[in-house]
Amino acid sequence: MRVSIFGGGTDLPFYFKKYGTRFISFAINKYVYVTVQCRSEERIVVVYSKREDVARIEDVEHNLVREALKKYQPFVKGIEIHLISDISTIGTGLGGSSAFAVAIVATISEWGVRDILLNRAYELENKLCREPAGIQDFCPAIFGNIRYYKYDAFNHYMLAEMPNKVFIEKYGILIPAPFVRGSSSQILKDQVKVSSSKLEWYHLIKAQSERMINPINWTDVKTVGAELNKYWGYKQRLADHITNPTVNKLMAKVKGKAYGAKLCGAGGGGYIFALMEPKYHKQFEHISFKISEKGVETFSI
């Protein structure tokens, strides 16, 4: 799973396919797992928070699994797929559904290089499942580590590791905020309805991300925290309901101790990513994390 620090919002197709995008994000050691095994019985079994046992691919309720099987294993007769995660992937803002898209495609298709996997996972969630997701939701799950990503309007990209791992792990904290079910998907759909005045906020977010690739801006936690606060201010301008009174109340409490903070993901709740002195971490309910250096891995047993 992942935390996006800067640039989120500009990675949605309506924007980056016209203006390009820049974003900085990192993978964390909270994982999703997908196991696949053949069955002699001609049934399709999918196990997650519920158990499905059906005869046809078309009858599978889990959107990602159904559409992935239709695309990459259309003639499969007997298969069993299990989906597991370290923490909830619903409404966390940590890219859980996109991490599952990556893992599902990685286990049931031949992909070879990570570029192909990225394109397939992006297609699965956005086009086949018709769920809005930015390109940055998939990247940390595929490439791992903390990286700066640059996409142009023609979908050509470059990525570079950022030398900030110790910095993030020392000061970073993830604090749960109440989530309104279904709100993130609606927020992303609302973001597509962009007026010219809102477009300027996207341009500011992109420019900030370009600025933050400079290592000199990462020498002081106060500087990064101030930029994080600035980004959160920009982010709230992109759509309605990105935040709410409950989140605002918690955010105010967090910012009383933090150098900077922002809500992860599209908005509506989830996790707040904050930078604060380690001595304050215990004052908040939180999950600890480390940056995961590796992206998706597959094994055959």
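Further up the page is the structure itself.
1. Re the overall build of the protein
Here's step 1: Broken down by element type, the protein carries 11 helices and 11 strands.
Here's step 2: Radius of gyration (C-alpha) of the protein: 19 Å, near the 19 Å computed for a compact globule of 301 residues.
Here's step 3: Seen along its three principal axes, the alpha-carbon backbone of the protein occupies a region of about 60 × 45 × 35 Å.
Here's step 4: In the protein, which comprises 301 residues, the share counted as buried stands at 54%.
Here's step 5: Summarising the internal contacts of the protein: among those between residues at least 6 apart in sequence, 70% fall at separations of at least 24.
Here's step 6: For the protein, the exposed area adds up to about 14000 Å²; of that, 51% sits on carbon and sulfur atoms.

2. As for the pairing of strand β10 (residues 258–263)
Here's step 1: In terms of residue burial, β10 counts as a mostly covered element, since 5 of its 6 residues are buried.
Here's step 2: In terms of strand pairing, β10 meets strand β11 (residues 270–276) through 5 bridges, oriented antiparallel. Each residue of the ladder has a partner; that of Lys 262, found in β11, is Phe 273.
Here's step 3: Hairpin connection between β10 and β11: a loop of 6 residues separates the two successive antiparallel strands, and Gly 265 in this loop has a positive phi of roughly 75 degrees.

3. A word on the packing of aromatic side chains
Here's step 1: The full count for this structure, using the stated rule, is 17 aromatic pairs.
Here's step 2: Taking the centre distance of 6.4 Å and the plane angle of 85 degrees together, the rings of Phe 6 and Tyr 231 count as edge-to-face. Remark: Tyr 231 occurs in helix α9 (residues 221–235) and Phe 6 occurs in strand β1 (residues 2–6); sequence separation between them is 225 residues.
Here's step 3: Given the relative accessible area of 1%, Tyr 231 is considered buried.
Here's step 4: Seen in terms of ring centroids, Tyr 15 and Tyr 19 are 4.9 Å apart; in terms of plane orientation they differ by 35 degrees. Their pairing is tilted. One end of the pair, Tyr 15, and the other, Tyr 19, are both in helix α1 (residues 13–19), 4 residues apart, so they sit about a helical turn from each other.

4. Remarks on the environment of Arg 22
Here's step 1: Tracing the chain through its elements places Arg 22 in strand β2 (residues 21–27).
Here's step 2: Linking Arg 22 and Phe 284, residues 262 residues apart in sequence, is a C-alpha distance of 31 Å.
Here's step 3: Setting aside residues up to four positions removed in sequence, Arg 22 forms contacts with Phe 6, Gly 7, Thr 10, Tyr 148, Tyr 149, Lys 150, Tyr 151, Lys 206, Ser 209 and Glu 210.

5. Topic: α9
Here's step 1: In a regular helix each residue adds 1.5 Å, so 15 residues correspond to 21 Å; α9 covers 21 Å between its end C-alpha atoms and thus fits that length.
Here's step 2: For α9, every residue scored as buried is listed here: Val 221, Val 224, Gly 225, Glu 227, Leu 228, Tyr 231, Trp 232, Tyr 234 and Lys 235.

6. Concerning the nonpolar core
Here's step 1: The biggest cluster of nonpolar side chains holds 96 residues, and the ones touching the most others in it are Ile 5, Phe 26, Ile 168, Leu 174, Trp 218, Val 254 and Phe 273.
Here's step 2: Contact partners of Leu 174, with chain neighbours within four places excluded, come to Val 3, Ile 28, Leu 94, Cys 264, Tyr 271, Ile 272, Phe 273, Glu 285, His 286, Ile 287 and Phe 289.

7. Here's the deal with the sheet that holds strand β3 (residues 32–38)
Here's step 1: Pairing is mixed across the open sheet formed by 4 strands, whose spatial order is β3-β6-β4-β5. Of all strands in the sheet, those with a lone pairing partner are β3 and β5 (51–54), marking the two edges. Pairs of neighbouring strands in the sheet enclose a mean axial angle of 10 degrees, with direction left out of account.
Here's step 2: In this structure, β3 lies alongside strand β6 (residues 79–85), joined through 7 bridges in antiparallel fashion. Directly across from Val 36, in β6, lies its bridge partner Ile 81.
Here's step 3: Docked against the sheet, helix α2 (residues 63–72) engages β4 (44–47) and β6, running at close to 140 degrees with respect to β6.

8. Let's talk about the packing of α2 against helix α4 (residues 114–128)
Here's step 1: Interhelical geometry of α2 versus α4 gives an angle of 115 degrees and a closest axis separation of 10 Å. The handedness of the crossing between α2 and α4 is right-handed. Together, Leu 64, Glu 67, Ala 68, Lys 71 and Tyr 72 of α2 and Arg 120, Glu 123, Leu 124, Glu 125 and Leu 128 of α4 make up the contact between the two elements.
Here's step 2: Here the contact of α2 with α4 is built from residues that sort into 5 nonpolar, no polar and 5 charged.

9. Quick look at a nonpolar patch on the surface
Here's step 1: A contiguous nonpolar patch, built from Tyr 31, Tyr 33 and Ile 84 and spanning about 270 Å² of accessible area, is present on the exposed surface.
Here's step 2: Residue placement: Ile 84 occurs in strand β6.

10. Comments concerning the pairing of β1
Here's step 1: Taken across its 5 residues, β1 has 5 buried, putting it largely inside the fold.
Here's step 2: Taken together, the 4 bridges between β1 and β2 define a ladder with antiparallel strand orientation. Residue pairing across strands places Ser 4 opposite Ser 25, the latter belonging to β2.

Rules of the game
- Residues numbered from 1 in each chain as written.
- Predicted model: local features only at pLDDT ≥ 70, side-chain atom pairs only at ≥ 80, totals over all residues.
- Heavy atoms only, no water.
- Helix = DSSP H or I, 4+ residues; strand = E, 2+ residues; numbered from the N terminus.
- Rg over C-alpha atoms; globule rule 2.2 N^0.38 Å.
- Buried < 20%, exposed > 50% of the residue type's maximum accessible area, 1.4 Å probe, protein only.
- Contact = heavy atoms within 4.5 Å.
- Areas by Shrake-Rupley, 256 points an atom, 1.4 Å probe, with all protein chains shown as cover.
- Pairing = 2+ DSSP bridges.
- Phe/Tyr/Trp six-rings, centres within 6.5 Å; stacked < 30°, edge-to-face > 60°.
- Expected span 1.5 Å × (residues − 1).
- Core = buried A, V, L, I, M, F, W, Y, C linked by side-chain atoms within 4.5 Å.
- Axes fitted to C-alpha atoms, helices over the stretch in contact; angles between N-to-C directions.
- Left-handed = near helix turned anticlockwise from the far one by under 90°.
- Nonpolar A, V, L, I, M, F, W, Y, C, P; charged D, E, K, R; others polar.
- Patch = residues over 30% accessible without salt bridge, like charges linked within 9 Å, V, L, I, M, F, W, Y side chains within 5 Å.
- Salt bridge = Lys/Arg side-chain N within 4 Å of Asp/Glu carboxyl O.

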